[in-house]
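Residue strings, one per chain:
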Amino acid sequence: MKNLKLVLLSAMIFVLSGCITPAMQTAALLAEPPSDLPDVMEIKDITFVNSPKAFCGPASLTMAMGWAGETVSVDTIADEVYTSSMRGSFQEDLIGSSRRHGLVAIPVRNLDNLLREVAAGHPVIVLENLSVSWLPRWHYALVIGYDLKKQDVIMHSGKSAYYRWDMRKFERSWLLGDYWGLVVLPAGTLAATGTEQEHLDATVGLEQAERYLEAEKSYKKILERWPKSLVALIALGNMAYQQGRNADAVGWLKRAVQAHPESEEARYNLKVAESMM
Amino acid sequence: MFCFTNKSFIAVLMAFLISPLPQAMAAVQLEGRPQMISTKEVMRRMSVNKDRKELSDLLLRDRVKAALEFNGVSSEEAGKRLAALSDQEVQRLSEQIKEARAGGDVLTTIVLVLLIIFLVQRI
């Protein structure tokens, strides 16, 4: 047992030491910029929202939502995400608030994906730590552009609009924020980088927030990129059934069974829907 | 003006509209139907199955086998223990392994140690 602890401890030290090397992703990216990424990108038409004091979370989300077509006041969003005792906003609450407004929230967890989202015209909310890991000073900002030649990211951050920051320094602060990033998209839009699972999670979240119309749109869009998505097919069948559209339900569930004959759930739900015809 | 200004007709109509009967009937029709397996449940099952598959694949790797055997657990036995884990336990174990991996490069050692600790703890 003693040996085991020693192994675990040394393994942990090895992991922790990995965090000391900063801006590794920037270095790799700048050394070999992906050929399909434009050198310079800036998303226009994002209304800047000034964030006083600890309101960087609500301000970043308000800007992202405004871009996605959901015009809300920063106070409304603050009511939904800001926790006054913590003088800040939790990441989960940013995701929850997006869903309550019928938007698709997809995580962005590395620099390559961040730039790809921006290149696709999607602004990305990022959580930074502007201090050191053992005494964090958390800050949310909205990445709206980048410049590979000047090695900058462009952000709406705090009190600064179109703020340019050295990509390495940005990465260091983002790394200390555990590379937490989020795109908030109108329903019926897919993120440039998200996985099928991430899109499904976001869409099931819409259903839970009772935004059924948006959820339906989003599932259908998921099927455009992942035509065999079992969860999307079953979800569309279930939603149709719940709304009393039995023929539609049978249609979606038949597709689900065809694409995944092994799925007991698809077969069971199809039987249920057919029994009501 | 109206064809039916009969007071009793209006009274009956009003009574019907006010009564909860129409809504109740509609609700019974939907709720009384057989239930489908919910989308959330479908996702949960898929994710547990995927976790189980990944964990059992991990047990087949040579280095994992060797490390398990070093700790006195045959890979056959480890497989049996894995099969006996509940869905929740599988998810927890799989999460722990993912966290260990996210902490740095894929460190097979850590994954191993966690696996072994978890499985050994269950004796």
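Positions within a chain are numbered from 1, following the residues in the order the chain's sequence is written. All chains are assigned letters beginning with A, and all ligands numbers beginning with 1, in the order in which they are written. At least 70 in pLDDT is required for a residue's local features to be given in this predicted model, at least 80 for side-chain atom pairs to be given and counted, and no such filter applies to totals for whole chains, interfaces and linings, which use all residues.

Engineer: Describe the overall build of chain A, and please don't skip the residues or the numbers.
Structural biologist: Per the secondary structure count, chain A includes 12 helices and 9 strands. Residue burial here comes from a neighbour count, namely the number of other C-beta atoms, placed from the backbone, that lie within 10 Å of the residue's own C-beta, with 20 or more meaning buried, 12 or fewer meaning exposed, and in between meaning partly exposed. For chain A, the proportion of its 277 residues judged to be buried stands at 45%. The contacts of chain A with a sequence gap of at least 6 include a subset with a gap of at least 24, amounting to 60%. Helix and strand definitions here come from DSSP, where helices need a minimum of 4 consecutive H or I residues and strands a minimum of 2 consecutive E residues; each element is numbered from the N-terminal end. Two residues qualify as being in contact provided that their C-beta atoms, derived from the backbone, are within 7 Å of each other.

Engineer: Which residues make up helix α6 (residues 111-119) of chain A, and what values go with them?
Structural biologist: Residues and elements named next belong to chain A. Among the residues of α6, L111, N113, L114, L115, E117 and V118 are the ones counted as buried. In this structure, the buried residues of α6 make contact with α2 (24-31), β1 (40-42), β5 (124-129), β6 (138-147), α7 (167-176) and β9 (180-186). After α6 finishes, the residue G121 shows a positive phi value of roughly 90°.

Engineer: Describe in detail the domain arrangement of chain A, supporting the description with residues and values.
Structural biologist: Once the domains are mapped, chain A shows domain 1 (23-186) and domain 2 (211-275). Note that domain bounds follow an automatic or database assignment of domains. Here the C-alpha centre of domain 2 of chain A lies 34 Å away from the C-alpha centre of domain 1 of chain A.

Engineer: Account for unusual backbone geometry, with residues named and values stated.
Structural biologist: Residues and elements named next belong to chain A. Its identity is not glycine, yet D178 carries a phi of approximately 65°, on the positive side. Tracing the chain through its elements places D178 in the loop between α7 and β9. Positioned with a positive phi, Y179 is a non-glycine residue whose angle comes to about 50°.

Engineer: So what's going on with the environment of A:E70? Which residues, and what values?
Structural biologist: All names here are of chain A. Structurally, E70 is set in the loop between α3 (56-67) and α4 (74-81). The class for E70 is partly exposed, based on 17 C-beta atoms found within 10 Å. In this structure the C-alpha to C-alpha distance between E70 and E32, which are 38 residues apart in sequence, comes to 37 Å. Apart from residues no more than four positions distant in its own chain, E70 is found in contact with M65, H101 and L103.

Engineer: Describe in detail the pairing of strand β8 (residues 160-166) of chain A, supporting the description with residues and values.
Structural biologist: Residue and element names in this part refer to chain A. The pairing criterion for strands is at least two bridges between them, as found by DSSP. Alignment of strand β7 (residues 152-157) against β8, held across 5 bridges, turns out to be antiparallel. The partner of I154 across the bridge, within β8, is R164. Once β7 ends, the chain turns through 2 residues before running back antiparallel as β8, passing G158 with a positive phi of about 60°.

Engineer: If you had to explain the pairing of strand β4 (residues 103-107) of chain A to someone new, which residues and values would you point to?
Structural biologist: All names here are of chain A. With 5 of its 5 residues buried, β4 lies for the most part within the structure. Side chains of β4 alternate between two faces, with L103, A105 and P107 and V104 and I106 buried alike. Examined bridge by bridge, β4 and β9 share 5 bridges and lie antiparallel to one another. Paired with L103 across the strands is P186, a residue of β9.

Engineer: Break down helix α10 (residues 230-242) of chain A for me, citing the residues and quoting the values.
Structural biologist: By definition here, a helix of n residues has an expected span of 1.5 Å times n minus one. Over its 13 residues, α10(A) runs 18 Å from end to end, which matches the ideal 18 Å to within 8%, given 1.5 Å per residue. The buried count for α10(A) comes to 11 of 13 residues, which makes it a mostly enclosed element. For α10(A), the complete set of buried residues consists of A:L230, A:V231, A:A232, A:L233, A:I234, A:A235, A:L236, A:G237, A:N238, A:A240 and A:Y241. On the buried face of α10(A), the contacting elements are α8 (196-208), α9 (212-225), α11 (246-259) and α12 (264-275) of chain A together with α3 (39-59) of chain B.

Engineer: Break down the nonpolar core for me, citing the residues and quoting the values.
Structural biologist: Residue and element names in this part refer to chain A. Ranked by size, the top nonpolar core spans 81 residues in total, and within it I125, V143, V184 and L253 carry the most contacts. Element by element, the count of residues in this core is highest for α10, at 9 residues. Looking at which domains feed residues into this core, each of domain 1 (23-186) and domain 2 (211-275) gives three or more. When buried Ala, Val, Leu, Ile, Met, Phe, Trp, Tyr and Cys residues are joined through C-beta atoms within 7 Å, the set is termed a nonpolar core.

Engineer: An account of the packing of α8(A) against α9(A) is needed here, citing residue identities and associated values.
Structural biologist: Residues and elements named next belong to chain A. Two elements in contact, α8 and α9, have axes separated by 8 Å at closest approach and are oriented at 160°. By the angle between their directions, the pair α8 and α9 is classed as roughly antiparallel. Like other packed secondary-structure pairs, α8 and α9 cross with a definite hand, here left-handed. Here α8 contributes E196, H199, L200, T203, L206 and E207 to the contact with α9, which in turn contributes Y212, E214, A215, S218, Y219 and I222. Where helices are involved, their axes are fitted lines through C-alpha atoms of the stretch in contact, as for all axes, and angles between N-to-C directions lie from 0 to 180°. Working rule for angles: under 35 degrees goes down as roughly parallel, over 145 as roughly antiparallel, 65 to 115 as roughly perpendicular, anything else as oblique. Handedness of a helix crossing follows the sense of rotation of the near helix relative to the far helix, less than a right angle counterclockwise being left-handed and clockwise being right-handed.

Engineer: Quick one: what's the story with the environment of A:V49, residue by residue and with numbers?
Structural biologist: All names here are of chain A. Structurally, V49 can be placed in the loop between β1 and α3. Judged by the 22 C-beta atoms lying within 10 Å of it, V49 falls in the buried class. Residues V49 and H101 lie 52 residues apart in sequence; the distance between their C-alpha atoms is 18 Å. Excluding residues within four positions of it along the chain, V49 makes contact with A59, T62, M63 and V74.

Engineer: Describe in detail the packing of α3(A) against α4(A), supporting the description with residues and values.
Structural biologist: Residue and element names in this part refer to chain A. Put simply, α3 and α4 touch, their axes get as near as 9 Å, and they point 120° apart. When the axes of α3 and α4 are compared, the pair comes out oblique. Helix-helix and strand crossings are classified by hand; for α3 and α4 the assignment is right-handed. Along its contact with α3, which presents G57, P58, A59, L61 and T62, the element α4 presents V74, I77, A78 and V81. The classification used treats Ala, Val, Leu, Ile, Met, Phe, Trp, Tyr, Cys and Pro as nonpolar, Asp, Glu, Lys and Arg as charged, and all other residues, Gly among them, as polar. Grouping the constituent residues of the contact of α3 with α4 by class yields 7 nonpolar, 2 polar and no charged.

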